Amino acid sequence: IPVDLFDLVIFGGTGDLARRKILPGLFRRFCAGQMPAEARIIGAARSELDTKGYREMVREAIAEFGGEQACGDEHLEKFLGQLEYVTIDARGDQGWKELQQLVVGTDRVEAYYFSVAPSLFGDIAERLQKWGMADDEARIVVEKPFGRDLATARSLNKTLATYFNEDQIYRIDHYLGKETVQNLMAVRFGNMLFEPLWNSQYVDHIQITVAETVGVGGRGEYYDKSGAMRDMVQNHLMQLLCLIAMEPPAQFAPDAVRDEKLKVIRALEAVAPYHIVRGQYQAEPCNESENPGYRTAVENPRSRTESFIALRTEISNWRWAGTPFYLRTGKRMAARSSEITVVFKDTPHSIFGDEAGRHRNVLSIRLQPNEGITLGVTIKEPGPGGMRLIDVPLDMSFAETLDPDHVDHVDAYERLIMDVIRGNQTLFMRGDEVEAAWAWTDPIIEGWEARNDVPKPYDHGSEGPTDATELLRREGREWRKVK
Ligand code: NAD
């Protein structure tokens, strides 16, 4: 179903994010028939380009990052025909009149994507208002990082609130746009089966892992000032934690969902120092030039920034009191894998005797790769061998069940941009959520800074420092293998 007619202005329309994600994503929505033929995408950036040059740039970006779902040359030409470009200076006057003439006075949804450094958010918001583009109907999309602590996030919220209402601000966290995240909500709240068991009485613990195989790459300078806690935990892992732990909202509606997420963040326990393990990756042996260690990669031989973090927290409310939540994320790990795992408790008594062993139900929600949800259930091993038990996965993802030709695979960015045009904020972070997340994160960071904590080294391609394994082992548990 096509969305309403829109003009989408992409500030930073020539940047890495626009070329890799936003523009190829929009092309795929065009191919799927969701983008109206008269809709316009207006790139606005510092580069001195004209519309023709921009269309060529986007053509190349789609060829490089468009994926398998691109839909042929004829469509590509039509899509490119819907692009415009304005050279603009976010901090000056250049380009703003031209942009105003393009978008003001049209009867369309107006969306402005701030795909630029956060230091420019305020300048752009101010100029949108000055040039008459910040009316009550306009929407703005802002990228991470949203602040680097509570004070900066508050200040950014305050700046944006000067020009826009909260219901116009779409703070993007692409993890929320993933199919499986929404499937998680369908599984939790669309079935009678899970909700009665979804609490500390039946759940032993929950793990959330976001493992990457890449290092800091070209982002070394930025990353070294940030680290895994700010770059990943405060936003992505926190959002996943909220969705897995929140109470059922009354409706699947923006504020109903976000109110429940906020309550989870506010109920998070402070994390004790012995429940945190920070790490820094080592160089790949015999291949140091290609895969250097963290400190070499960020060109800071004394860096104490973490490229890995594992921590244990609890949620102080009736549903979850006493249930450990283990979070872990890192770079240069054994595999690229994002997974939430709900490990249920043992059955109270095994009628099959000790030989059958203890078996636990494990619900695994996999965000990447191979998005999907599986539930491990225990059954009898087929055959004449007596009562032997084995665990088998019950697959709850669409790949096996639905006809793949009839499933429209939508990347997180595409889905979220279409939600902006539809005016649906459910999968976007509200200002108070972001601030609450920083309010929990700040004391943890201040704690290790005060202790002069030095991250533990870990091997390239590993599961992180051995202390992270110990974090669970000393409580009689173990991490799911990163694979
Ligand atoms: P980039 O450096 O590749 O691109 C920056 C863009 O901003 C360019 O188009 C540039 O022309 C424009 N720009 C810079 N100064 C300007 C000015 N004064 N006036 C007008 N335009 C100006 O950055 P990026 O990687 O595309 O990231 C953009 C934003 O998205 C950042 O906030 C980043 O943190 C965030 N982000 C990026 C990624 C990613 O994968 N690249 C992922 C998540 C979030």
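Throughout this document, residue positions are counted from 1 along each chain, in the order its sequence is written. Local features are withheld for residues below a pLDDT of 70 in this predicted model, meaning they are given only at 70 or higher, and side-chain atom pairs are given and counted only at 80 or more; totals for whole chains, interfaces and linings count all residues.

Caption draft 1: Spotlight on the overall build of the chain. Under the scheme used here, helices are H or I runs from DSSP no shorter than 4 residues and strands are E runs no shorter than 2 residues, and both carry numbers assigned from the N terminus. A count of helical and extended segments in the chain gives 15 helices and 15 strands. The C-alpha atoms of the chain give 24 Å as radius of gyration, which agrees with the globular expectation for 483 residues (23 Å, within 12%). With the C-alpha coordinates of the chain rotated into their principal frame, the extents come out at 75 × 55 × 50 Å. With C-beta atoms placed from the backbone, the exposure class of a residue follows from how many other C-beta atoms lie within 10 Å of its own: 20 or more, buried; 12 or fewer, exposed; in between, partly exposed. The buried share among the 483 residues of the chain stands at 40%. What counts as a contact is two residues whose backbone-derived C-beta atoms lie within 7 Å of each other. When contacts within the chain are restricted to residue pairs at least 6 apart in sequence, long-range pairs at least 24 apart make up 78% of them. C-alpha atoms define the radius of gyration, and 2.2 Å times the number of residues to the power 0.38 defines the globule rule.

Caption draft 2: Focus on the sheet that holds strand S8 (residues 276-281). Taking strand neighbours across the sheet as the criterion, the nine strands line up as S14-S13-S12-S11-S7-S10-S9-S8-S15 in an open arrangement whose pairing is mixed. The open sheet is flanked by strand S14 (389-395) and strand S15 (456-458), the only strands paired with a single partner. On average, each strand axis in the sheet is inclined to that of its neighbour by 20°, with strand direction left out of account. Only strands that DSSP links by at least two bridges are regarded as paired with each other. Axes here mean lines fitted to C-alpha atoms, for a helix over just the part in contact, with angles spanning 0 to 180 degrees between N-to-C directions.

Caption draft 3: Main features of the pairing of strand S5 (residues 139-142). Neither face of S5 is exposed, since Arg-139 and Val-141 on one face and Ile-140 and Val-142 on the opposite face are all buried. Taken together, the four bridges between strand S4 (residues 109-114) and S5 define a ladder with parallel strand orientation. Note that in S5 the partner of Tyr-112 across the bridge is Ile-140. Where the polypeptide runs from S4 across helix H5 (residues 121-130) and back to S5, its parallel neighbour, the crossover connection is right-handed. The pairing of S5 with strand S6 (residues 169-171) spans three bridges and is classified as parallel. Across the sheet, residue Val-142 finds its bridge partner in S6, namely Arg-171. A crossover counts as right-handed when, viewed with the strands pointing away from the observer, the path leading from the first strand over the helix to the second turns clockwise. The β-α-β motif built from S5, the intervening helix H6 (residues 150-163) and the parallel element S6 has right-handed crossover chirality.

Caption draft 4: The site of the ligand, seen in detail. Close to the ligand lie 22 residues, the nearest being Gly-12, Gly-15, Leu-17, Ala-45 and Ala-90. Here the shell around the ligand gets three residues from one element, more than from any other, and that element is helix H1 (residues 16-31). Here the nonpolar group is Ala, Val, Leu, Ile, Met, Phe, Trp, Tyr, Cys and Pro; Asp, Glu, Lys and Arg are the charged ones; every other residue, Gly included, is treated as polar. For the shell around the ligand, the class distribution of residues is ten nonpolar, six polar and six charged. Using a C-beta atom placed from the backbone, a residue is scored as near a molecule or strand whenever that atom is within 6 Å of it.

Caption draft 5: Quick look at the nonpolar core. We call a set of buried Ala, Val, Leu, Ile, Met, Phe, Trp, Tyr and Cys residues a nonpolar core when their C-beta atoms link them within 7 Å. Among the nonpolar cores identified, the biggest contains 128 residues, and Val-9, Phe-11, Tyr-113, Phe-114 and Leu-241 are the most heavily contacted of them. When residues of this core are assigned to their parent elements, the largest contribution, twelve residues, is made by helix H9 (residues 227-245). Segment limits for the domains were obtained from an automatic or database-derived domain assignment. Per-domain counts for this core show at least three residues from each of domain 1 (6-143) and domain 2 (176-409 + 429-473). Beyond its immediate sequence surroundings of up to four residues, Phe-11 is in contact with Ala-44, Ala-45, Ala-90, Tyr-112, Tyr-113, Phe-114, Ser-115, Val-116 and Ile-124.

Caption draft 6: Spotlight on H6. The first and last C-alpha atoms of H6 sit 21 Å apart over 14 residues, in line with the 20 Å expected at 1.5 Å per residue. Of the residues making up H6, those classed as buried are Ala-153, Leu-156, Leu-160 and Tyr-163. The arc that holds every buried residue of H6, seen down its axis, measures 85°, which confines them to one face. Among the exposed residues of H6, those oriented more than 90 degrees off its buried face are Ala-151, Ser-155, Lys-158 and Thr-162. The inward-facing, buried residues of H6 abut H5, S6 and helix H14 (431-450). Between the first and last residue of a helix there are one fewer steps than residues, each counted as 1.5 Å, and that sum is the expected span. It is the directions from the helix axis to the C-beta atoms that the arc portrays.

Caption draft 7: Inspection of the domain arrangement of the chain at higher detail. Assigned domains within the chain: domain 1 (6-143) and domain 2 (176-409 + 429-473). Taking only C-alpha atoms, the centre of domain 1 and the centre of domain 2 are 34 Å apart.

Caption draft 8: Region of the structure containing the packing of H1 against helix H13 (residues 412-422). One can describe the packing of H1 onto H13 by two numbers: an axis separation of 8 Å at closest approach and a directional angle of 75°. Compared by their axis directions, H1 and H13 come out roughly perpendicular. Where H1 approaches H13, its residues Lys-21, Ile-22, Gly-25, Leu-26, Arg-28 and Arg-29 are matched on the opposing element by Tyr-413, Glu-414, Ile-417 and Met-418. A breakdown of the residues in the contact of H1 with H13 according to their chemical character gives five nonpolar, one polar and four charged. Small angles under 35 degrees read as roughly parallel and large ones over 145 as roughly antiparallel, with 65 to 115 read as roughly perpendicular and the rest as oblique.

Caption draft 9: Geometry of the packing of H5 against H6. Between H5 and H6, the least distance of the axes is 9 Å, while the angle of their chain directions is 10°. Overall, the two elements H5 and H6 adopt an arrangement that is roughly parallel. Here Phe-121, Gly-122, Ala-125, Glu-126, Leu-128 and Gln-129 of H5 lie close against H6, whose contacting residues are Leu-156, Thr-159, Leu-160 and Tyr-163. The residue makeup of the contact of H5 with H6, split by class, is six nonpolar, three polar and one charged.

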